[in-house]
Amino acid sequence: MACGGRGTMLDDINPKVILFDFYGTLAHIRTDEHSIQPWLVVASYLRYRGAKITANELQNMYFNCVKESLDSSPEPHPEVNIIHIFTDILARLKVESSEDSVSTILQLFRSLTINEFCLFPETLQVLLALEKKFRLGLVSDSQEVYIIPELQLVTLDSLFESVVISSQYGYRKPDPRLFQQALKEMGLSTTDDILYVGDNWERDIVGATNAGIQSVWIQRNSDQTYAPHDQAIPVIPDLRDLLCLIGSEEAV
């Protein structure tokens, strides 16, 4: 297989564990939470539950609550948990709820906001090849209520030993604690022999580097930008070149 990657080869590391970002790295997604259409459906449903609210009012309440949560966080890279956000909204609207009912509403909302969602063409083939030789994990800036069913939708839910999701912790990448949590869940006491693959320079590459983890930048779009860094980072156009970097191109 011909490799088209750019940057430093991984001559100094023989990884045993590979951690991945999800959205933009393994899967393509395009959503629109600002479209009024999903809010019309959710507001209509909530009116059946006794809420007196319009779609515009619900949308504004949601974004205001998200902003308030982010602004009040002491974290340098804060994250919200939309289960908590929407539970608070329903309480303000005097709508009885449980975690299950809130999850159902949010997953309905998510399904209505997604315009595009699919794995990149090479993702599944590469991951199936890698799982034969490496332990795999996921570190994602995302909402648990969304990403868990979406992993199931694209049949990746059984491939990862650890799935670390930012909404569970209240902070996002590049906070190194998310990467450290993946190591903890996988029983790893050192960052030796670990590789991280992500598409966002500031969140993925800087975050992994700050956690002491060797990283590979997947640059699917040439307009992606990065900041100068004192560590040479391999750059690949898609996941197939990852196999070349780690010497496993024969697996696919």
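About the cut-offs
Residues numbered from 1 in each chain as written. Predicted model: local features only at pLDDT ≥ 70, side-chain atom pairs only at ≥ 80, totals over all residues. Heavy atoms only, no water. Helix = DSSP H or I, 4+ residues; strand = E, 2+ residues; numbered from the N terminus. Buried < 20%, exposed > 50% of the residue type's maximum accessible area, 1.4 Å probe, protein only. Contact = heavy atoms within 4.5 Å. Areas by Shrake-Rupley, 256 points an atom, 1.4 Å probe, with all protein chains shown as cover. Pairing = 2+ DSSP bridges. Axes fitted to C-alpha atoms, helices over the stretch in contact; angles between N-to-C directions.

Peer 1: What should I look at first to understand the overall build of the protein in this one?
Peer 2: Each helix and strand in the protein was counted, giving nine helices and eight strands. Going through the 252 residues of the protein one by one, you find that 49% of them count as buried. Long-range pairs, those at least 24 residues apart, make up 69% of the contacts in the protein with a sequence separation of at least 6. Accessible surface, the protein: about 12,300 Å² in total, of which carbon and sulfur atoms supply 48%.

Peer 1: How do you make sense of the environment of leucine 242 when you look at a structure like this?
Peer 2: Note that leucine 242 resides in helix 9 (residues 240-245). With 45 residues separating them along the chain, leucine 242 and valine 197 place their C-alpha atoms 8.7 Å apart. Leave out the neighbours within four places in its chain, and leucine 242 touches Phe20, Leu130, Leu195, Val197, Val216 and Ile236.

Peer 1: I tried to follow helix 7 (residues 176-185) on my own but got confused; where do I start?
Peer 2: Since there are 3.6 residues in each turn of an α-helix, residues three or four apart along the chain are aligned in direction. Within helix 7, burial applies to Leu178, Phe179, Gln181, Ala182 and Leu183. Structurally, helix 7 contributes buried residues whose contacts are with strand 1 (17-20), strand 4 (135-140), strand 5 (162-165), strand 6 (194-198) and helix 8 (201-210). Once helix 7 finishes, glycine 187 follows within two positions and takes phi at roughly 70 degrees, a positive value.

Peer 1: Explain the sheet that holds strand 7 (residues 214-218) here, please?
Peer 2: Sheet strands pair via backbone hydrogen bonds, and the direction of the pair is either parallel or antiparallel. Taking strand neighbours across the sheet as the criterion, the six strands line up as 5-4-1-6-7-8 in an open arrangement whose pairing is parallel. One side of each edge strand has no neighbouring strand; the edge strands of this open sheet are strand 5 and strand 8 (235-236). Pairing of strand 1 with strand 4, which is carried by four bridges, proceeds in the parallel orientation. The residue bridging phenylalanine 20 from the neighbouring strand is leucine 138, located in strand 4. Relative to strand 7, helix 8 is tilted by about 165 degrees, and along the sheet it contacts strand 6 and strand 7.

On their own, these measurements won't tell you what the molecule is for.
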